[in-house]
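Chains, contacts and geometry: an overview
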Amino acid sequence: MRDRIVILTVTALFILLFAGLFYNQVVRFGYYSRMSKNNSIRVIPIDGPRGNIYDRNGVKLVSNRLSFDAAVVYQELKNKQKFVHILSESLNMSGRDIMRALEKARARPYAPVTVLEDIDKTKAIMLEEASFDVEGLAIETRSKRNYIYGNTGSHIFGYMSEITDKELDDLRDYGYRMGDLVGRAGLEKQYETYLRGVDGGTQIEVDSRGRETRVIGVKEPMNGRDLYLTIDIALQSACDKLLGERKGAICVMNPNTGEVLALASHPSFDPNVFVVPKSSEDRTALIKDRVGRPLSNRAISGLYPPGSVFKVVTASAALEEKKITPNTRFFCSGTYRLGKAEFDCWKSEGHGSQNMTEGFMNSCDVYFYSIGRAAGVDAVERYAKLYGFGRATSIDIPDEVNGLAPGREWKKHARHSSWFEGDTVNYSIGQGYLLVTPIQVAVMMSVIANDGNLVKPYLVRRIGDVSIHVNRPKHIGLDQRTVSVIGEGMYEVVNNVNGTGKKAKPEGVVVSGKTGTAENPHGRTHAWFSGFAPYRNPKICLVVFLEHGGKGGVAPSEIARGIFEEARKKGYL
Amino acid sequence: MKKRKDFDYLLLIVMFIIFAIGAATIYSATKSRNLPLEESFFVKQLNWMGIGIALLVVTISISYQRFIDVAYILYGINVLLLVAVLIVGHARLGAQRWFSIGGFAFQPSEFIKLSLVLALANYVASKKDSMKEMKSLIVPVMLLAIPFVLVILQPDLGTALLLVPIFFAIMVVSGARLKYLGIMILTGLAGLPVFWHFLRDYQKQRLMVFVNPNIDPLGAGYTIIQSKIAVGSGGLFGKGWLNGTQNQLNFLPERHTDFIFSIVGEEWGFLGAAALVLMYFFIAKRAFNIAALTSDLYGKAIASGIGVMISLQSVINISMTIGLMPVVGIPLPLVSYGGSSLIATVIAIGLLINVGIRRSTF
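Residues numbered from 1 in each chain as written. Chains lettered and ligands numbered in written order. Predicted model: local features only at pLDDT ≥ 70, side-chain atom pairs only at ≥ 80, totals over all residues. Heavy atoms only, no water.

1. Re the overall build of chain B
Looking only at helices and strands, chain B features 15 helices and three strands. Taking all 362 residues of chain B together, the buried fraction comes to 57%. Carbon together with sulfur atoms contributes 69% to the accessible area of chain B, which is approximately 14600 Å² in total. (Helix = DSSP H or I, 4+ residues; strand = E, 2+ residues; numbered from the N terminus. Buried < 20%, exposed > 50% of the residue type's maximum accessible area, 1.4 Å probe, protein only. Areas by Shrake-Rupley, 256 points an atom, 1.4 Å probe, with all protein chains shown as cover.)

2. Some thoughts on the state of the cysteines
Residue and element names in this part refer to chain A. Applying the stated rule across the entire model yields zero disulfides over all chains. Cys345 takes part in no disulfide bond, and the closest cysteine sulfur to it belongs to Cys332, at a distance of 4.0 Å. Cysteine Cys364 remains unbridged, with the sulfur of Cys332 as its closest cysteine sulfur at 3.6 Å. (Disulfide = S-S within 2.5 Å.)

3. With respect to empty space enclosed by the protein
All names here are of chain B. Scanning all chains against the criterion turns up five cavities of 30 Å³ or more. In this structure, the largest cavity spans a volume of roughly 60 Å³. Arg97, Leu157, Tyr202, Gln203, Arg206, Leu207, Val327, Val328 and Gly329 together form the lining of the largest cavity. In terms of residue count, helix 10 (residues 201–211) provides more of the lining of the largest cavity than any other element does, four residues in total. (1 Å grid on protein atoms, 1.4 Å probe; cavity = no way out; pocket = protein on both sides within 12 Å on 5 of 7 lines; lining within 4 Å. Points joined across faces, edges and corners; volume = space filled by probe spheres on them.)

4. Topic: the confidence of the model for chain B
Put simply, chain B has an average pLDDT of 88, and 92% of its residues get 70 or more. With a pTM of 0.65, the predicted complex shows an ipTM of 0.93. (pLDDT = per-residue confidence, 0-100.)

5. What to know about the nonpolar core
Leu187(A), Leu229(A), Val252(A), Tyr387(A) and Phe389(A) are the most contacted members of the largest nonpolar core, which totals 116 residues. It is helix 19 (residues 438–449) of chain A that provides the largest number of residues to this core, a total of nine residues. Dropping the residues within four chain positions of it, Phe389(A) is found in contact with Phe310(A), Val313(A), Ala384(A), Ala405(A), Val436(A), Gln440(A), Val441(A) and Met444(A). In terms of nonpolar packing, the next biggest core, distinct from the first, is built from 112 residues, Phe7(B), Ile68(B), Leu120(B) and Phe288(B) among them. (Core = buried A, V, L, I, M, F, W, Y, C linked by side-chain atoms within 4.5 Å. Contact = heavy atoms within 4.5 Å.)

6. Focus on the packing of helix 13 (residues 260–293) of chain B against helix 14 (residues 297–321) of chain B
Residue and element names in this part refer to chain B. The contact between helix 13 and helix 14 brings their axes to 9 Å, and the two run at 165 degrees. When the axis of helix 13 is compared with that of helix 14, the two are roughly antiparallel. The hand of the helix 13/helix 14 crossing is left-handed. Counting all contacts with helix 13, which are made through Phe261, Ser262, Val277, Tyr280, Ile283, Ala284, Ala287, Phe288, Ile290, Ala291 and Ala292, the residues of helix 14 involved are Lys300, Ala303, Ser304, Gly307, Val308, Ile310, Ser311, Ser314, Asn317, Ile318 and Thr321. Its residues placed into classes, the contact of helix 13 with helix 14 shows 14 nonpolar, seven polar and one charged. (Axes fitted to C-alpha atoms, helices over the stretch in contact; angles between N-to-C directions. Parallel < 35°, antiparallel > 145°, perpendicular 65-115°, else oblique. Left-handed = near helix turned anticlockwise from the far one by under 90°. Nonpolar A, V, L, I, M, F, W, Y, C, P; charged D, E, K, R; others polar.)

7. Re the sheet that holds strand 22 (residues 523–533) of chain A
Residue and element names in this part refer to chain A. Strand order in the open sheet formed by five strands is 12-11-23-22-21, and the pairing between neighbours is antiparallel. What marks the edges here is a single partner per strand, and that holds for strand 12 (260–266) and strand 21 (512–520). Across this sheet, the average inter-strand angle for adjacent strands is 5 degrees, counted without regard to direction. Relative to strand 23 (residues 540–546), strand 22 runs antiparallel, the two sharing seven bridges. Bridge pairing links Phe529 to Val544 in strand 23. On the sheet, helix 20 (residues 480–495) packs against strand 21 and strand 22 and is oriented at approximately 80 degrees with respect to strand 21. (Pairing = 2+ DSSP bridges.)

8. Focus on the interface of chain A and chain B
Each partner contributes to the interface: chain A provides 30 residues, whereas chain B provides 49 residues. Of the roughly 3300 Å² buried where chain A meets chain B, counting both sides, 74% is carbon and sulfur surface. Counting the surface chain A buries against chain B, the share from its top three residues, Arg2(A), Phe14(A) and Gln25(A), is 21%. The tally of links from chain A across to chain B stands at eight residue pairs in polar contact (both at pLDDT 80 or more). When contributions to the side of chain A that touches chain B are tallied by element, the ones reaching two or more residues are helix 1 (2–27), helix 2 (29–40) and strand 8 (200–206) of chain A. (Buried area = accessible area lost by both parts, 1.4 Å probe. Polar contact = N/O pair within 3.5 Å; in protein donor to acceptor, adjacent residues only side chain to side chain.)

9. A word on helix 16 (residues 377–386) of chain A
By the burial criterion, the buried members of helix 16 of chain A are Val377(A), Ala379(A), Val380(A), Glu381(A), Tyr383(A) and Ala384(A). The secondary structure elements touched by the buried residues of helix 16 of chain A are helix 13 (311–320), helix 15 (365–375), helix 17 (408–415) and helix 18 (421–428) of chain A.

10. Thoughts on the packing of aromatic side chains
Residue and element names in this part refer to chain A. Going through the model one piece at a time under the given rule, you end up with 29 aromatic pairs over all chains. Chaining the aromatic ring pairs together yields one cluster made of Phe310, Phe389, Trp410, Trp419, Tyr427 and Tyr433. Sitting over the ring of Tyr31, Arg28 keeps its end group 4.3 Å from the ring centre. When the ring centre of Tyr228 is taken as origin, the NZ or CZ atom of Arg462, which lies over that ring, is 4.0 Å away. (Phe/Tyr/Trp six-rings, centres within 6.5 Å; stacked < 30°, edge-to-face > 60°. Lys NZ or Arg CZ within 6 Å of the ring centre and 35° of its normal.)

11. A word on the environment of Gly238(B)
Residue and element names in this part refer to chain B. Within the secondary structure, Gly238 is located in the loop between helix 11 (222–234) and helix 12 (245–248). On the basis of relative accessible area, Gly238 is assigned to the partly exposed category, the value being 24%. In sequence terms Gly238 and Ile263 are 25 residues apart; their C-alpha atoms lie 9.6 Å from each other. With residues near it in sequence (within four places) discarded, Gly238 still touches Glu266, Glu267, Trp268 and Gly269.

12. With respect to the sheet that holds strand 1 (residues 41–46) of chain A
Residue and element names in this part refer to chain A. With antiparallel pairing, three strands are arranged side by side in an open sheet as 1-8-9. With partners counted over all chains shown, the strands left at the sheet margins are strand 1 and strand 9 (212–219), one partner each. Each adjacent strand pair in this sheet contributes to an overall mean axis angle of 25 degrees, direction not counted. As paired strands, strand 8 and strand 9 are joined by six bridges and run antiparallel to one another. For Gly201, the partnering residue across the bridge sits in strand 9 and is Lys219. Contacts from helix 2 reach strand 1 and strand 8 within the one sheet, and its direction differs from that of strand 1 by about 55 degrees.

Here you go:
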């Protein structure tokens, strides 16, 4: 009887032990198995390099470079003093910063933890050699985005920055990892899925000290796809140089296809600033500059009144609606009366009697007030939209805006007011509620240059081996005579000794174009020039826009001439 | 050998099987050290077993009554050795448990369990008619208390605590009043807070870590977490001999000694681990069988004490590797590397067989 007490107690303990073993090894097997693999299997990622970006001639514009980081493996660190000394000597780092990095490394003693990113190559080699003597020091290499031309073309390429926690939640399934960079603007954003490489990795087995014992498997990384652009980097650089310190935008494109040869916006920025994952002073300055707004692409995101370049639309509306003929004359006394209101021509002494060619050549406001009123607001609005205003051009970079081509309906809804004849007068010369982006003006100009056909501008013509953008120009329904009459008017603008755009006239090629000087509520007038060349059989059309740049006939026209001459040198004209 | 038919061969066979499993596991546990074979723990353990077998033969040949006759002398010598080890012993892993005799590490605390069993058996059997009286418990309590305190001082909490169930098991089979024993247990429990006060810091930490191993995953909790991962990841069939990643990649500390069961669990899975546990249960069962069939209290007490000693030591050891009990450093009988433990256990099994063949059955 008493023996049984001992036997039963021991038996009960064995049963408990059995249950415990069963729970640990059978019920919880999955959990512990995973823990065991996490213990012993590490994946060392191999970056799948992002695709390069090339210009139309195969010149490399954006690529990846090898960058070097100084790192510490805390576990192997023996002499802290020595470590701090050599790093502060060679990298100009303060001892405090290094100690702070070491503190961080203590939490992950087996893995290399970055102390200083992107160090100079020669210093990296020097430290690599020194690391034989300095235990714990490691030099790590990484692939970094490299924008070879710095500020040039920055608004086309955009920039990249570190993925946010929220994005990571959505994108983790697509192979994104913490610390990855994603495209934030421009082509980097638009073509993210093509450019991005697929990371590979080496799966290794490690022991309890994190040392590699064997390689289990290798998954090869996959390169991202390269982009081949329509841009000519030489022309792009020329545009940048011509813009200089001025604020503004330039777009040069082939009016027959929509290929964009150059797209500049100033002030610009250097996308390399964003490659370093930590925020730097340069980056903060870029983001905080509310006045210059260097990150904004003025060519597609800036909204401005077009001023007189819009007279192309007014003329089209009046001619197509048969309200006038090219020879219909209007008299300019310097002022246009509408009831009690007076609207001035830019030339106060007046232009006298004007037909369409003269109206264009002189950019006579009174002439266009008259034909605009003759056409009526509805026709002007309709033709504005046919030319592509009020709607984004769908160029293949993000953040493009629609602009505004107003009309009766719009005013009723947005302003709760009816449309007045005075509004039509302002509309006729590209003022008032009308807001456009520079690239929309370039597209408008391409319609005249391309026999009434509208093209969609684009930047990427090939992704990897696949050509894209088989562009079908769309005829917007203008009479051929309308197109040629407007073209002739714009020929006079540049080629007549009295033309407002005569400064745009280059050597060796005949240009046709239109200037614009747009009043705006923010200060000095915006200055425009938009045109195409050669006059017969155009191959290039462009827009030059200078924010608060004064008169369209001066700086923009001169810049346009510079671009045409440069394009001629490059063989485009 | 009076009764050859009562010789428990099966017990002997199971002992050798467990030892073989232990030796194979020691080989696996120490393989990554790349020691030359003659210096390897595996070969050393085989050598210890050689000595063990010799002593086993001696133990079985001499009647257990002769051991009872010299029980107090053996107990006295063992207590003196425990005192000596505190004075001249070598410290290892923060505890002073052993000293070397002719180059061999000798750990007196491994033998005190056996000495206590013999001394208690001797006392209770000689007083068997008055065991119901309270005063008959005074000497057994003293016999327990002296080595208990000495072992605690080393400090070797695990072995000291193991002495307690051995004591109670012998008291129960000897006919002591359960009421008195119950009072002793309650007094002991009430004294726990005082006991806590005397614990070394690392022992307190181990107990805290038992409650929550994640307090200090890289420090005190590391061993228990890694051990649970090892056993759990073994699953039903195990990762195979020499294939345990926790083992071979060095994630398990003390894995050829106190935590050797983690490797058995990892490499042989639940089936292997359960088989090993069953074999320990078999030894316990055989011990209690022998006790039940023995009419003289000497043999009965010895068999019960040894049964509890081997079974509880294995249950506690295995429980600690899977986090069911706090980490108290005691070896797994016949499996853990270490001469003293192995020899003490082999002698204990020899004594069991001895009682089995020489007992008086009326």
